[in-house]
Amino acid sequence: MNDITPMAVAPLVSSRGIAVLGSTGSIGTNTLQVVEHLIKQGQPFEVIGLAAASSWKKLAEQAVRFNPKVVILTHPANAGDLTELKTALAHTRIKVLTGDQAVVDLARRDDVAVVAASVVGAAGLAPVLAAAEAGKWIALSNKEALVVAGCLVIPLVEKSGATLLPVDSEHSAIFQSLRSGQLREIARIILTASGGPFRSWTVEKMRTATVQEALTHPNWRMGPKITIDSATLMNKALEIVEAHWLFNLPAERIDVLIHPQSIIHSMIEFVDGSTIAQLGTPDMRTAIQYALTHPQRHGGCSSRLDWSTIKEMTFEQPDQRFPALGIGYEVIRRGGTSGAVANAANETANSLFRAGKIPFGKIVDITSGVLKKHLDHGFVGQPQLADLLAADAWARAEAAL
Ligand SMILES: NC(=O)c1ccc[n+]([C@@H]2O[C@H](COP(=O)([O-])OP(=O)(O)OC[C@H]3O[C@@H](n4cnc5c(N)ncnc54)[C@H](OP(=O)(O)O)[C@@H]3O)[C@@H](O)[C@H]2O)c1
């Protein structure tokens with residue numbers, strides 16, 4: 001292992017045009033709060049573009065507040081929504097666009113230095129690839145892009161000199177802890193997990209958990225897809241793969257530890273036996289801000305730990321009630337198209353559960369079943385983008401059967 005990482009520090013630029021992809025979501029909204037906060041502190045951020053799928057009213061409000069050059073509504077839910085958005089912004093000079101290609105074009109714009117990649121799911125891959133190719137500073141929340149196509153994203157980042165900074169709180173914690181040592185000095189990383197709402201449930205009880213129960217995360221307020229992924233622990237499986245790509249670590253050096261209080265966001269055990277951790281409240285704005293200002297730190301707008309109220313920090317090993325973790329390790333070991341398939345099957349099963357069409361217990365069964373079928377037949381070891389997209393499409397169809 002060497003110390004060349006995709007997160008090599010790029011020089012700070014004087015003016016930082018930012019595109020927030022997925023601006024209406026949980027991370028996108030928090031990102032805009034952080035940007036507004038940094039601008040108030042005199043940091044040279046300027047919002048150039050905002051993109052969302054269908055939340056046109058929220059997008060219009062954000063556009064009025066941040067006055068970007070372009071807003072994109074990729075998939076209007078109703079025929080009239082794009083017109084409504086245009087009408088709401090008619091008094092401005094903001095350009096209103098639609099379609100996935102417009103997001104890719106935004107990620108490549110010359111006046112965009114920073115791409116906040118906070119679209120949910122594999123839909124976020126194309127703009128991440130475009131930003132990586134164009135050498136942008138990428139604040140990456142969209143872990144699915146690395147799970148699906150880390151084998152393409154990382155080489156593009158290295159080739160173009162892009163800067164890839166993690167927003168996921170666990171990976172931000174590892175990245176921040178890495179300031180105490182070198183990549184080659186890591187013995188192992190320990191990704192912490194809250195355990196989600198079903199940490200102490202039996203398998204039988206979990207099998208029939210309702211959507212509302214699964215959407216009630218004990219510590220974090222997040223979008224619906226990742227909240228369900230946190231309940232199955234599929235989110236941690238995706239994070240294992242994300243860590244593999246970001247820190248160039250094999251599966252054997254990535255451990256998961258349940259830490260229900262979500263105070264320690266993750267830690268590194270270095271070869272000399274020292275363990276360095278990053279701690280904080282469960283507030284994504286800390287990690288988002290660090291991904292925008294690294295290597296500097298500025299006054300933050302996130303909530304602070306109140307040590308007088310912290311009574312305990314406890315830890316548990318994850319157990320066999322959460323088989324999703326094994327999928328993450330399997331994806332690292334097999335590589336190739338396995339991540340695209342596991343991710344797409346999970347996205348499909350996750351949304352089928354949210355739509356009330358399958359029980360909770362089926363989400364991971366479907367994902368592992370589709371992955372197994374693919375590994376037996378159709379797996380590509382050294383995939384091109386077309387192979388990954390084909391694997392993704394196959395897995396979605398298979399998972400929906
Ligand atoms: N939320 C967290 O605390 C958290 C923490 C760590 C990592 N992450 C990761 O961050 C990403 C975003 O999560 P989230 O919780 O913020 O999700 P979310 O609340 O569901 O927001 C998703 C955003 O993506 C937009 N979007 C969806 N499809 C799109 C497309 N094809 N083109 C453009 N925009 C599209 C949505 O627009 P609409 O509003 O119009 O649907 C929305 O703005 C995920 O990869 C997640 O794993 C999230």
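So, a few notes on the structure that sits alongside this text. All values reported here derive from a predicted model rather than from experimental measurement.

Some remarks on unusual backbone geometry
The linkage connecting His294 with the following residue, Pro295, adopts the cis geometry, with an omega of 5°. Relative to the assigned elements, Pro295 resides in the loop between α12 (284–293) and α13 (324–334). In this structure, Ser262 takes a positive phi of about 50° despite not being glycine. With respect to the element layout, Ser262 can be found in the loop between β9 (254–258) and β10 (264–270). Overall, Ser262 belongs to the buried group, with 20 C-beta atoms counted inside 10 Å. Within the chain, Ser266 stands out as a residue other than glycine whose phi angle is a positive 155°. Relative to the helices and strands, Ser266 is located in strand β10.

What to know about the site of the ligand
Residues in close proximity to the ligand total 30 residues, the closest being Gly22, Gly25, Ser141, Met222 and Gly223. Sort the elements by how many residues they give to the shell around the ligand and helix α1 (residues 26–40) lands first, with three residues.

Examining the environment of Leu165
Residue position: Leu165 is located in strand β7 (residues 163–166). Under the C-beta neighbour-count criterion, Leu165 is labelled buried, with 24 such atoms within 10 Å. As for Leu165 and Tyr290, which are separated by 125 residues in sequence, their C-alpha atoms are 8.7 Å apart.

Focus on the sheet that holds β10
Strand order across the open sheet formed by four strands is β9-β8-β10-β11, with mixed pairing between neighbours. Each of the sheet's edge strands pairs with one partner strand only, and the pair in question is β9 and β11 (275–279). Recorded for the sheet is a direction-independent mean angle of 20° between the axes of neighbouring strands. Looking at chain direction, strand β8 (residues 186–193) and β9 are connected through five bridges and run parallel. Across the sheet, Thr192 pairs through a bridge with Leu257, a residue of β9.

Thoughts on the packing of helix α6 (residues 143–160) against helix α14 (residues 338–354)
Contact geometry for α6 and α14: axes closest at 7 Å, N-to-C directions at 150°. Judged by the angle between their axes, α6 and α14 are roughly antiparallel. Counted together, Glu144, Val147, Val148 and Gly150 of α6 and Gly339, Ala340 and Asn343 of α14 form the full contact between these two elements. In terms of residue class, the contact of α6 with α14 is made up of three nonpolar, three polar and one charged.

Overview of the environment of Gly28
Tracing the sequence through the fold places Gly28 in helix α1. Separated by 89 residues in sequence, Gly28 and Ala117 place their C-alpha atoms 8.6 Å apart. Not counting residues within four places of it along the chain, the set of residues in contact with Gly28 comprises Val20, Gly22, Ser23 and Ser118.

Focus: the sheet that holds strand β3 (residues 70–73)
The seven strands are arranged β4-β3-β2-β1-β5-β6-β7 in an open sheet whose pairing can be described as parallel. In the strand order of this sheet, the two ends are held by β4 (95–98) and β7, each with one partner. Pairs of neighbouring strands in the sheet enclose a mean axial angle of 20°, with direction left out of account. By the bridge criterion, six bridges tie strand β1 (residues 16–21) to strand β2 (residues 45–52) in an arrangement that is parallel. Following the sheet pairing, Arg16 is matched in β2 by Phe45.

What to know about the pairing of β11
Inspection of the sheet shows β10 paired to β11 by five bridges, in the antiparallel sense. The residue of β11 that forms the bridge with Ser266 is Gln278. Connecting β10 to the antiparallel partner β11 that follows it, the hairpin turn spans four residues, and Gly273 within it adopts a positive phi of roughly 100°.

With respect to the pairing of strand β6 (residues 137–140)
A two-sided burial pattern is seen for β6, the buried positions comprising Trp137 and Ala139 on one face and Ile138 and Leu140 on the other. In the classification by handedness, the crossover that spans strand β5 (residues 114–117), the intervening helix α5 (residues 125–133) and the parallel β6 is right-handed. In this structure, β6 lies alongside β7, joined through four bridges in parallel fashion. The residue bridging Leu140 from the neighbouring strand is Pro166, located in β7. In the classification by handedness, the crossover that spans β6, the intervening α6 and the parallel β7 is right-handed.

Details of the nonpolar core
Residues Ala117, Ile138 and Ala139 are the most contacted members of the largest nonpolar core, which totals 118 residues. The residue makeup of this core includes at least three contributed by each of domain 1 (16–167) and domain 2 (172–334). For Ala117, the residues in contact, after removing those within four places along its chain, are Leu21, Gly124, Pro127, Val128, Ala131, Ile138, Ala139, Leu140, Ser141, Asn142 and Ala145.

The rules we used
Residues numbered from 1 in each chain as written. Predicted model: local features only at pLDDT ≥ 70, side-chain atom pairs only at ≥ 80, totals over all residues. Helix = DSSP H or I, 4+ residues; strand = E, 2+ residues; numbered from the N terminus. Buried ≥ 20, exposed ≤ 12 C-beta atoms within 10 Å, placed from the backbone. Near = placed C-beta within 6 Å. Pairing = 2+ DSSP bridges. Axes fitted to C-alpha atoms, helices over the stretch in contact; angles between N-to-C directions. Parallel < 35°, antiparallel > 145°, perpendicular 65-115°, else oblique. Contact = placed C-beta atoms within 7 Å. Nonpolar A, V, L, I, M, F, W, Y, C, P; charged D, E, K, R; others polar. Right-handed = clockwise from strand over helix to strand, strands pointing away. Core = buried A, V, L, I, M, F, W, Y, C linked by C-beta atoms within 7 Å. Domains from an automatic or database assignment.

Read these as spatial facts, not as claims about activity.
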